[in-house]
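Per-entry structural report
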Amino acid sequence: MSGLLPAPPAAGAFTRRSLLLATLAGSALVATGCTGTPGDVTDAVTPAQVDQLAAQVRVQEAVVTAYDQALSTAPELAASLTPLAAQALAQLDRLRAAAPGDLGTTAAATSGVAAPTDPTEARAWLRGLVGTAAAAHAAACPEFTGGRAALLGSIAAGLRGQETVLA
Amino acid sequence: MADGTRSPSASPTATEDAALQEALAAAHVAIWGYGVVGAALPPESRDLVVACELAYLDLRDQLLALLSARQVEPVDDEPGYTLPFPVLSPVDAAALAVTLEEGSSAAWTWVLDQATERSTRQFGVAALGAAELRAVGWRIRAGRTPPTTAFPGLPEA
(Lines give C-alpha, C1' and ligand atoms only; values in the text may rest on other atoms or scores of the structure.)
Protein backbone atom coordinates (compact mmCIF):
# COMPACT_ATOMS: atom_id res chain seq x y z
CA MET A 1 0.00 0.00 0.00
CA SER A 2 1.62 3.22 -1.05
CA GLY A 3 -0.94 5.86 -0.22
CA LEU A 4 -3.35 7.03 2.35
CA LEU A 5 -6.65 5.24 2.40
CA PRO A 6 -9.87 6.85 3.44
CA ALA A 7 -11.05 5.07 6.53
CA PRO A 8 -13.49 2.30 5.68
CA PRO A 9 -16.13 2.22 4.38
CA ALA A 10 -15.26 5.29 2.29
CA ALA A 11 -13.47 4.28 -0.86
CA GLY A 12 -12.47 7.44 -2.67
CA ALA A 13 -8.92 8.65 -2.42
CA PHE A 14 -6.92 5.49 -2.84
CA THR A 15 -8.97 4.36 -5.78
CA ARG A 16 -8.59 7.73 -7.42
CA ARG A 17 -4.84 7.78 -6.90
CA SER A 18 -4.42 4.20 -8.03
CA LEU A 19 -6.25 5.01 -11.22
CA LEU A 20 -4.24 8.16 -11.46
CA LEU A 21 -0.96 6.31 -11.37
CA ALA A 22 -2.20 3.79 -13.90
CA THR A 23 -3.32 6.57 -16.16
CA LEU A 24 -0.10 8.46 -15.68
CA ALA A 25 1.79 5.41 -16.83
CA GLY A 26 -0.08 5.79 -20.08
CA SER A 27 0.60 9.47 -20.08
CA ALA A 28 4.30 8.82 -19.67
CA LEU A 29 4.20 6.63 -22.73
CA VAL A 30 2.71 9.49 -24.66
CA ALA A 31 5.36 11.76 -23.23
CA THR A 32 8.08 9.47 -24.47
CA GLY A 33 6.52 9.36 -27.89
CA CYS A 34 5.57 5.70 -27.74
CA THR A 35 1.84 6.02 -28.19
CA GLY A 36 1.40 9.26 -30.04
CA THR A 37 -1.06 8.86 -32.85
CA PRO A 38 -1.81 11.13 -35.77
CA GLY A 39 -4.78 13.33 -35.04
CA ASP A 40 -4.28 13.20 -31.30
CA VAL A 41 -4.91 16.85 -30.52
CA THR A 42 -3.18 16.75 -27.18
CA ASP A 43 -0.10 15.28 -28.79
CA ALA A 44 0.00 17.72 -31.69
CA VAL A 45 2.72 20.31 -31.73
CA THR A 46 3.09 23.44 -33.78
CA PRO A 47 6.33 24.29 -35.59
CA ALA A 48 7.05 26.83 -32.86
CA GLN A 49 6.57 24.16 -30.22
CA VAL A 50 8.92 21.84 -32.08
CA ASP A 51 11.54 24.56 -31.90
CA GLN A 52 10.84 25.15 -28.24
CA LEU A 53 11.09 21.47 -27.42
CA ALA A 54 14.41 21.35 -29.21
CA ALA A 55 15.50 24.31 -27.12
CA GLN A 56 14.53 22.49 -23.93
CA VAL A 57 16.56 19.49 -25.07
CA ARG A 58 19.55 21.81 -25.47
CA VAL A 59 18.95 23.20 -21.98
CA GLN A 60 18.98 19.69 -20.56
CA GLU A 61 22.05 18.72 -22.59
CA ALA A 62 23.84 21.62 -20.95
CA VAL A 63 22.90 20.28 -17.52
CA VAL A 64 24.22 16.82 -18.37
CA THR A 65 27.42 18.32 -19.74
CA ALA A 66 27.84 20.45 -16.64
CA TYR A 67 27.61 17.41 -14.39
CA ASP A 68 30.20 15.64 -16.52
CA GLN A 69 32.51 18.63 -16.27
CA ALA A 70 32.07 18.98 -12.53
CA LEU A 71 32.73 15.28 -11.99
CA SER A 72 35.85 15.58 -14.11
CA THR A 73 37.28 18.66 -12.43
CA ALA A 74 36.16 17.88 -8.87
CA PRO A 75 36.12 14.07 -8.63
CA GLU A 76 35.80 14.23 -4.86
CA LEU A 77 32.18 15.18 -5.48
CA ALA A 78 31.44 11.88 -7.21
CA ALA A 79 29.52 10.33 -4.35
CA SER A 80 27.04 13.18 -4.15
CA LEU A 81 26.90 14.16 -7.81
CA THR A 82 26.76 10.82 -9.61
CA PRO A 83 23.13 10.04 -8.68
CA LEU A 84 22.08 13.54 -9.67
CA ALA A 85 23.95 13.28 -12.95
CA ALA A 86 22.19 10.00 -13.69
CA GLN A 87 18.83 11.65 -13.05
CA ALA A 88 19.72 14.53 -15.36
CA LEU A 89 20.68 12.06 -18.07
CA ALA A 90 17.42 10.14 -17.66
CA GLN A 91 15.55 13.42 -17.98
CA LEU A 92 17.43 14.20 -21.17
CA ASP A 93 16.57 10.80 -22.63
CA ARG A 94 12.86 11.24 -22.01
CA LEU A 95 12.91 14.79 -23.24
CA ARG A 96 14.60 13.73 -26.47
CA ALA A 97 12.04 10.95 -26.91
CA ALA A 98 9.21 13.45 -26.45
CA ALA A 99 10.59 15.83 -29.06
CA PRO A 100 9.25 15.07 -32.51
CA GLY A 101 11.51 14.82 -35.51
CA ASP A 102 15.25 14.82 -35.84
CA LEU A 103 16.90 17.01 -33.25
CA GLY A 104 20.22 16.71 -34.99
CA THR A 105 23.42 16.53 -33.07
CA THR A 106 25.04 19.56 -31.58
CA ALA A 107 27.80 20.08 -29.12
CA ALA A 108 26.06 20.71 -25.83
CA ALA A 109 27.05 24.03 -24.39
CA THR A 110 27.13 25.01 -20.77
CA SER A 111 27.71 28.53 -19.63
CA GLY A 112 30.94 28.67 -21.60
CA VAL A 113 32.83 28.70 -18.31
CA ALA A 114 34.77 25.62 -17.23
CA ALA A 115 33.67 23.92 -14.06
CA PRO A 116 35.67 25.13 -11.04
CA THR A 117 38.12 22.66 -9.52
CA ASP A 118 37.30 23.68 -5.97
CA PRO A 119 34.48 21.35 -4.82
CA THR A 120 32.52 24.08 -3.07
CA GLU A 121 32.75 26.34 -6.07
CA ALA A 122 31.90 23.48 -8.41
CA ARG A 123 28.71 22.75 -6.47
CA ALA A 124 27.73 26.41 -6.56
CA TRP A 125 28.46 26.57 -10.29
CA LEU A 126 26.34 23.49 -10.90
CA ARG A 127 23.59 24.80 -8.68
CA GLY A 128 23.34 27.94 -10.76
CA LEU A 129 23.12 26.00 -14.01
CA VAL A 130 20.59 23.52 -12.66
CA GLY A 131 18.42 26.31 -11.28
CA THR A 132 18.48 28.13 -14.59
CA ALA A 133 17.50 24.95 -16.41
CA ALA A 134 14.66 24.30 -13.97
CA ALA A 135 13.32 27.79 -14.57
CA ALA A 136 13.55 27.33 -18.34
CA HIS A 137 11.63 24.04 -18.28
CA ALA A 138 9.02 25.48 -15.92
CA ALA A 139 8.54 28.47 -18.19
CA ALA A 140 8.19 26.21 -21.24
CA CYS A 141 5.75 23.81 -19.58
CA PRO A 142 2.57 25.90 -19.94
CA GLU A 143 3.24 26.33 -23.65
CA PHE A 144 2.52 22.61 -24.20
CA THR A 145 -0.38 20.31 -23.53
CA GLY A 146 -0.80 16.69 -22.53
CA GLY A 147 2.14 14.45 -21.81
CA ARG A 148 4.72 16.99 -22.89
CA ALA A 149 3.43 19.57 -20.41
CA ALA A 150 3.50 16.93 -17.69
CA LEU A 151 7.02 15.87 -18.62
CA LEU A 152 8.42 19.40 -18.72
CA GLY A 153 6.76 20.25 -15.42
CA SER A 154 8.06 17.08 -13.82
CA ILE A 155 11.61 17.64 -15.04
CA ALA A 156 11.49 21.25 -13.87
CA ALA A 157 10.42 20.07 -10.42
CA GLY A 158 13.10 17.39 -10.37
CA LEU A 159 15.78 19.96 -11.17
CA ARG A 160 14.41 22.29 -8.49
CA GLY A 161 14.99 19.46 -6.06
CA GLN A 162 18.54 19.03 -7.30
CA GLU A 163 19.15 22.76 -6.96
CA THR A 164 18.14 22.46 -3.32
CA VAL A 165 20.48 19.60 -2.47
CA LEU A 166 23.35 21.31 -4.29
CA ALA A 167 23.07 24.27 -1.89
CA MET B 1 -25.91 18.03 -10.73
CA ALA B 2 -28.95 18.26 -8.51
CA ASP B 3 -27.85 21.52 -6.91
CA GLY B 4 -27.67 23.30 -10.22
CA THR B 5 -23.91 23.13 -10.69
CA ARG B 6 -22.71 22.54 -14.20
CA SER B 7 -22.58 19.05 -15.61
CA PRO B 8 -18.93 18.09 -16.17
CA SER B 9 -19.74 16.74 -19.62
CA ALA B 10 -21.05 20.16 -20.67
CA SER B 11 -17.92 22.00 -19.66
CA PRO B 12 -15.04 22.75 -22.02
CA THR B 13 -12.73 22.26 -19.06
CA ALA B 14 -14.28 18.99 -17.89
CA THR B 15 -11.13 16.88 -18.04
CA GLU B 16 -9.09 19.64 -16.47
CA ASP B 17 -11.68 20.08 -13.73
CA ALA B 18 -11.58 16.36 -12.98
CA ALA B 19 -7.80 16.53 -12.60
CA LEU B 20 -8.12 19.59 -10.37
CA GLN B 21 -10.50 17.59 -8.21
CA GLU B 22 -7.76 14.99 -7.81
CA ALA B 23 -5.36 17.73 -6.75
CA LEU B 24 -7.96 18.98 -4.27
CA ALA B 25 -8.42 15.47 -2.90
CA ALA B 26 -4.64 15.21 -2.49
CA ALA B 27 -4.61 18.53 -0.65
CA HIS B 28 -7.33 17.28 1.72
CA VAL B 29 -5.22 14.18 2.40
CA ALA B 30 -2.09 16.26 2.97
CA ILE B 31 -3.82 18.62 5.40
CA TRP B 32 -5.01 15.66 7.41
CA GLY B 33 -1.72 13.80 7.07
CA TYR B 34 0.44 16.66 8.29
CA GLY B 35 -1.50 16.52 11.52
CA VAL B 36 -0.19 12.99 11.98
CA VAL B 37 3.30 14.02 10.88
CA GLY B 38 3.38 16.84 13.42
CA ALA B 39 2.24 14.63 16.25
CA ALA B 40 5.16 12.26 15.68
CA LEU B 41 7.86 14.91 15.44
CA PRO B 42 9.59 16.80 18.26
CA PRO B 43 8.41 20.34 18.99
CA GLU B 44 11.41 21.91 17.27
CA SER B 45 10.14 20.52 13.95
CA ARG B 46 6.71 22.04 14.38
CA ASP B 47 7.41 25.15 12.31
CA LEU B 48 8.30 23.03 9.29
CA VAL B 49 5.15 20.97 9.61
CA VAL B 50 3.02 24.07 10.04
CA ALA B 51 4.59 25.60 6.92
CA CYS B 52 3.74 22.49 4.92
CA GLU B 53 0.21 22.39 6.26
CA LEU B 54 -0.28 26.08 5.49
CA ALA B 55 0.92 25.49 1.94
CA TYR B 56 -1.79 22.88 1.49
CA LEU B 57 -4.45 25.02 3.12
CA ASP B 58 -3.56 27.74 0.63
CA LEU B 59 -3.64 25.28 -2.28
CA ARG B 60 -6.98 23.94 -1.09
CA ASP B 61 -8.43 27.43 -0.96
CA GLN B 62 -7.14 28.27 -4.43
CA LEU B 63 -8.60 25.07 -5.83
CA LEU B 64 -11.93 25.62 -4.09
CA ALA B 65 -12.12 29.11 -5.57
CA LEU B 66 -11.16 27.95 -9.03
CA LEU B 67 -13.64 25.07 -9.12
CA SER B 68 -16.41 27.12 -7.58
CA ALA B 69 -15.88 29.86 -10.16
CA ARG B 70 -16.46 27.19 -12.78
CA GLN B 71 -19.60 26.05 -11.00
CA VAL B 72 -18.02 22.69 -10.26
CA GLU B 73 -18.84 21.21 -6.89
CA PRO B 74 -15.49 20.60 -5.17
CA VAL B 75 -14.76 17.24 -3.62
CA ASP B 76 -14.99 17.18 0.15
CA ASP B 77 -12.40 15.79 2.46
CA GLU B 78 -13.07 12.32 3.80
CA PRO B 79 -14.19 11.89 7.38
CA GLY B 80 -11.03 9.92 8.02
CA TYR B 81 -8.10 8.24 6.33
CA THR B 82 -6.15 5.08 7.02
CA LEU B 83 -2.41 5.45 7.35
CA PRO B 84 -0.35 3.45 4.85
CA PHE B 85 2.00 2.37 7.66
CA PRO B 86 2.31 2.97 11.40
CA VAL B 87 3.79 6.35 12.27
CA LEU B 88 5.72 5.70 15.45
CA SER B 89 8.91 7.71 15.06
CA PRO B 90 10.28 10.89 13.48
CA VAL B 91 11.59 8.80 10.57
CA ASP B 92 8.12 7.31 10.07
CA ALA B 93 6.69 10.83 10.17
CA ALA B 94 9.14 12.00 7.51
CA ALA B 95 8.28 8.97 5.38
CA LEU B 96 4.59 9.81 5.69
CA ALA B 97 5.31 13.38 4.65
CA VAL B 98 7.16 12.04 1.60
CA THR B 99 4.09 9.95 0.77
CA LEU B 100 1.87 13.01 1.09
CA GLU B 101 4.08 15.11 -1.15
CA GLU B 102 4.51 12.40 -3.74
CA GLY B 103 0.75 11.92 -3.86
CA SER B 104 0.38 15.63 -4.41
CA SER B 105 3.05 15.59 -7.13
CA ALA B 106 1.22 12.79 -8.94
CA ALA B 107 -2.01 14.76 -8.82
CA TRP B 108 -0.39 17.94 -10.13
CA THR B 109 1.43 16.13 -12.91
CA TRP B 110 -1.94 14.78 -13.94
CA VAL B 111 -3.32 18.32 -13.90
CA LEU B 112 -0.53 19.33 -16.28
CA ASP B 113 -1.40 16.41 -18.52
CA GLN B 114 -5.10 17.19 -18.59
CA ALA B 115 -5.16 20.98 -18.44
CA THR B 116 -6.67 22.86 -21.34
CA GLU B 117 -6.08 26.30 -19.87
CA ARG B 118 -2.60 27.80 -19.94
CA SER B 119 -3.23 29.48 -16.59
CA THR B 120 -3.98 26.09 -15.06
CA ARG B 121 -0.68 24.72 -16.32
CA GLN B 122 1.09 27.73 -14.78
CA PHE B 123 -0.68 26.97 -11.51
CA GLY B 124 0.17 23.30 -11.84
CA VAL B 125 3.85 23.65 -12.57
CA ALA B 126 4.29 25.94 -9.58
CA ALA B 127 2.40 23.57 -7.29
CA LEU B 128 4.37 20.58 -8.56
CA GLY B 129 7.70 22.31 -8.01
CA ALA B 130 6.72 23.30 -4.48
CA ALA B 131 5.63 19.75 -3.64
CA GLU B 132 8.92 18.32 -4.85
CA LEU B 133 10.92 20.84 -2.83
CA ARG B 134 9.04 19.82 0.29
CA ALA B 135 9.47 16.15 -0.64
CA VAL B 136 13.23 16.56 -0.95
CA GLY B 137 13.42 17.97 2.56
CA TRP B 138 11.37 15.11 3.98
CA ARG B 139 13.32 12.46 2.06
CA ILE B 140 16.49 13.81 3.65
CA ARG B 141 14.86 13.54 7.08
CA ALA B 142 13.72 10.03 6.22
CA GLY B 143 17.30 9.10 5.30
CA ARG B 144 16.60 8.40 1.66
CA THR B 145 19.44 8.58 -0.83
CA PRO B 146 19.38 10.31 -3.19
CA PRO B 147 16.73 12.65 -1.87
CA THR B 148 15.83 13.83 -5.35
CA THR B 149 13.82 12.16 -8.10
CA ALA B 150 14.21 12.59 -11.83
CA PHE B 151 10.49 12.68 -12.59
CA PRO B 152 8.39 13.90 -9.68
CA GLY B 153 4.79 12.81 -10.14
CA LEU B 154 5.54 10.57 -13.10
CA PRO B 155 6.32 6.87 -12.93
CA GLU B 156 9.93 6.03 -13.66
CA ALA B 157 10.33 4.81 -17.23
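The structure displayed is predicted, hence computed values, not measured ones. What you see as residue numbers is a count from 1 along each chain, following the sequence as written. Working convention: letters from A go to chains and numbers from 1 go to ligands, in the order in which they are written. Reporting in this predicted model follows two pLDDT cut-offs: at least 70 for local features of residues, and 80 or more for side-chain atom pairs to be given and counted; totals over whole chains, interfaces and linings ignore these cut-offs and use all residues. Computation of side-chain values: all heavy atoms of the structure, hydrogens and water removed.

1. Considering the environment of T65(A)
Inspection of the secondary structure assignment puts T65(A) in helix 2 (residues 47-73). Along the primary structure T65(A) and D93(A) are separated by 28 residues, whereas in three dimensions their C-alpha atoms are 14 Å apart. Going along the chain from the N terminus, every DSSP run of H or I of four or more residues is numbered as a helix, and every run of E of two or more is numbered as a strand.

2. Quick notes on the side chain of E16(B)
All names here are of chain B. Looking at where E16 falls in the secondary structure, it is placed in helix 1 (residues 14-39). For the exposure calls, accessible area comes from a 1.4 Å probe over protein chains only, and a residue counts as buried if that area is under 20% of its type's maximum, exposed if over 50%, partly exposed in between. Judged by relative accessible area, E16 falls into the buried class, the value being 0%. A distance of 2.6 Å separates the side chain of E16 from the backbone nitrogen of T116, its partner in a polar contact. Pairing of N or O atoms within 3.5 Å defines a polar contact, subject to two protein rules: one partner must be a possible hydrogen donor and the other a possible acceptor, and residues neighboring in sequence count only if both atoms are side-chain atoms. A distance of 2.6 Å separates a polar atom in the side chain of E16 from a polar atom in the side chain of T120. Contact criterion: two residues are considered in contact whenever any of their non-hydrogen atoms come within 4.5 Å of each other. Apart from residues lying up to four places away in sequence, E16 is in contact with R70, Q114, A115, T116, E117 and T120.

3. Quick look at the side chain of E101(B)
Along the chain, the position of E101(B) falls in helix 3 (residues 90-114). The buried category is assigned to E101(B), whose relative accessible area is 0%.

4. With respect to the confidence of the model for chain B
Residues and elements named next belong to chain B. Each residue carries a pLDDT score, the predictor's own confidence in it, on a scale running from 0 to 100. Averaged over every residue, the pLDDT of chain B is 93; residues scoring 70 or more account for 92%. Averaged over each element, pLDDT in chain B is lowest for strand 1 (residues 81-82) (91) and highest for helix 4 (residues 118-141) (98). As a predicted assembly, this complex carries a pTM of 0.85 together with an ipTM value of 0.92.

5. As for the nonpolar core
By convention a nonpolar core is built from buried Ala, Val, Leu, Ile, Met, Phe, Trp, Tyr and Cys residues, the set being connected through side-chain atoms within 4.5 Å. Formed by 81 residues in total, the largest nonpolar core has its most connected members in Y67(A), Y34(B), V37(B), W108(B) and W138(B). Only helix 2, helix 3 (78-98), helix 4 (119-140) and helix 5 (146-165) of chain A together with helix 1, helix 2 (46-69), helix 3 and helix 4 of chain B provide two or more residues apiece to this core. Counting residues per element, this core draws most heavily on helix 1 of chain B, which supplies twelve residues. Every residue in contact with Y67(A), bar those within four places of it in the chain, is listed here: L81(A), L84(A), A85(A), A88(A), L126(A), V130(A), Q162(A) and L166(A).

6. Side note on the packing of aromatic side chains
Residue and element names in this part refer to chain B. Pairing of aromatic rings covers Phe, Tyr and the six-membered ring of Trp, with a centre-to-centre limit of 6.5 Å; geometry is then stacked below 30 degrees between planes, edge-to-face above 60, and tilted otherwise. Tallied over the full model, the rule gives four aromatic pairs over all chains. Between W32 and Y81 the ring centres are 5.3 Å apart and the planes differ by 50 degrees, which places this aromatic pair in the tilted class. Within this pair, whereas W32 is found in helix 1, its partner Y81 is found in strand 1, the two being separated by 49 residues in sequence. Residue classification places Y81 among the buried residues on the basis of a relative accessible area of 9%. Members of the aromatic cluster, each reached through a chain of ring pairs, are Y34, Y56 and W138.

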